[in-house]
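Tertiary structure, described
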Amino acid sequence: MAKGYWVSAYPAVSDPERLAAYAELAGPAVRAGGGRLLSLDGRVVAHEAGITQRVVLIEFDSFELAVAAYESEAYQEALVALSGSVERDFRIIEGID
């Protein structure tokens, strides 16, 4: 079964305090859904478009678990805390077996 991944890129953060409040709620929600944080604000060498922005990568044992974690009540509450504080490109992608 192919793994699932959350990939989030943050071109802009307008309210770091709200982002921190989101992280406090999102972390437990992600772990409860089986997610494992693989990357968070690590070093970046940018090529092509040359964008160096906050990127978060989370791995799940399957694509379906990744979708279910996003749709969970706990994660939806975290999204309320995040609302209006960032510009974010969020994707759930299926890995390759």
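Throughout what follows, the structure given in this document is the object of discussion. (Residues numbered from 1 in each chain as written. Predicted model: local features only at pLDDT ≥ 70, side-chain atom pairs only at ≥ 80, totals over all residues. Heavy atoms only, no water.)

Some words on the packing of aromatic side chains
Our working rule: Classification of ring pairs uses Phe, Tyr and Trp, with its six-membered ring standing for Trp, and accepts pairs whose centres are within 6.5 Å; under 30 degrees between planes counts as stacked, over 60 as edge-to-face, and the remaining range as tilted. Going along the chain from the N terminus, every DSSP run of H or I of four or more residues is numbered as a helix, and every run of E of two or more is numbered as a strand. Classification of residues uses two cut-offs on accessible area relative to the type maximum, computed with a 1.4 Å probe and protein chains only: under 20% is buried, over 50% is exposed, and between them is partly exposed. Put simply, a charge is over a ring when the Lys NZ or the Arg CZ is close to the ring centre, within 6 Å, and near the line of the ring normal, within 35 degrees.
For the structure shown, the criterion picks out seven aromatic pairs. Arranged with centres 5.2 Å apart and planes meeting at 45°, the rings of Trp-6 and Phe-60 form a pair that is tilted. Taken together, the residues span a long stretch of sequence, with Trp-6 in strand β1 (residues 4-13) and Phe-60 in strand β3 (residues 54-60) at a distance of 54 residues. On the basis of an interplanar angle of 45° and a centroid distance of 5.3 Å, the ring pair of Tyr-70 and Tyr-75 is categorised as tilted. Classification of Tyr-75 by relative accessible area gives buried; the value is 0%. In textbook terms, an aromatic cluster arises when at least three aromatic residues are bridged by ring pairs, as seen for Trp-6, Tyr-22, Phe-60, Tyr-70, Tyr-75 and Phe-90. Sitting above the plane of the Tyr-10 ring, Arg-54 keeps its charged end 5.0 Å from the centroid.

Some remarks on the pattern of salt bridges
Test applied: By definition here, a salt bridge exists when the distance from a side-chain nitrogen of Lys or Arg to a carboxyl oxygen of Asp or Glu is within 4 Å.
For the structure on display, the rule yields five salt bridges. A salt bridge links Arg-36 to Asp-61, with the nearest nitrogen and oxygen atoms 2.9 Å apart. With a gap of 25 residues between them, Arg-36 in strand β2 (residues 36-40) and Asp-61 in the loop between β3 and α2 (63-71) connect regions that are remote in the sequence. The exposure class of Arg-36 is partly exposed, given its relative accessible area of 31%. Arg-54 is paired through a salt bridge with Asp-41; the nearest N and O atoms lie 2.9 Å apart. Of this pair, Arg-54 sits in strand β3 while Asp-41 sits in the loop between β2 and β3; the two residues are 13 residues apart in sequence, bridging distant segments of the chain. For Arg-54, a relative accessible area of 22% puts it in the partly exposed group. The class for Asp-41 is partly exposed, based on a relative accessible area of 44%.

Considering the layout of surface pockets
We count it as follows: Here the term cavity refers to a set of points on a 1 Å grid, laid over the protein atoms alone, in which a 1.4 Å probe fits but cannot get out; the term pocket refers to an open set having protein on both sides within 12 Å along at least five of seven lines, with lining residues being those that place an atom within 4 Å of a point. Grid points are joined across faces, edges and corners, and a volume is the space filled by probe spheres set on the points. Under the scheme applied here, ten amino acids are nonpolar (Ala, Val, Leu, Ile, Met, Phe, Trp, Tyr, Cys and Pro), four are charged (Asp, Glu, Lys and Arg), and all others, including Gly, are polar.
The volume enclosed by the largest pocket comes to roughly 270 Å³. Lining of the largest pocket is provided by 18 residues; of these, Ala-26, Gly-27, Leu-37, Val-56 and Ile-58 occupy positions nearest its centre. Class assignment of the residues belonging to the lining of the largest pocket gives a composition of eleven nonpolar, three polar and four charged.

So, the environment of Ile-93
Heads up, the condition is: For this analysis, residues touch if any pair of their heavy atoms sits within 4.5 Å.
Within the fold, Ile-93 resides in strand β4 (residues 86-94). Ile-93 sits in the partly exposed class, given a relative accessible area of 38%. Considering only alpha carbons, one finds Ile-93 and Leu-82, eleven residues apart in sequence, at a separation of 21 Å. Apart from residues lying up to four places away in sequence, Ile-93 is in contact with Lys-3, Gly-4, Tyr-5, Val-7 and Phe-63.

Here we look at the packing of helix α1 (residues 16-32) against helix α3 (residues 73-82)
Stated formally: Axes here mean lines fitted to C-alpha atoms, for a helix over just the part in contact, with angles spanning 0 to 180 degrees between N-to-C directions. Roughly parallel here means an angle under 35 degrees, roughly antiparallel means over 145, roughly perpendicular means 65 to 115, and every remaining angle is called oblique.
Interaxial distance between α1 and α3 falls to 8 Å at its minimum, and their mutual angle equals 175°. Judged on the interaxial angle alone, α3 and α1 are roughly antiparallel. Along the contact surface, α1 presents Arg-18, Leu-19, Ala-21, Tyr-22, Leu-25, Ala-26 and Ala-29, while α3 presents Ala-74, Tyr-75, Glu-77, Ala-78, Leu-79, Val-80, Ala-81 and Leu-82. Considering only residue class, the contact of α1 with α3 consists of 13 nonpolar, no polar and two charged.

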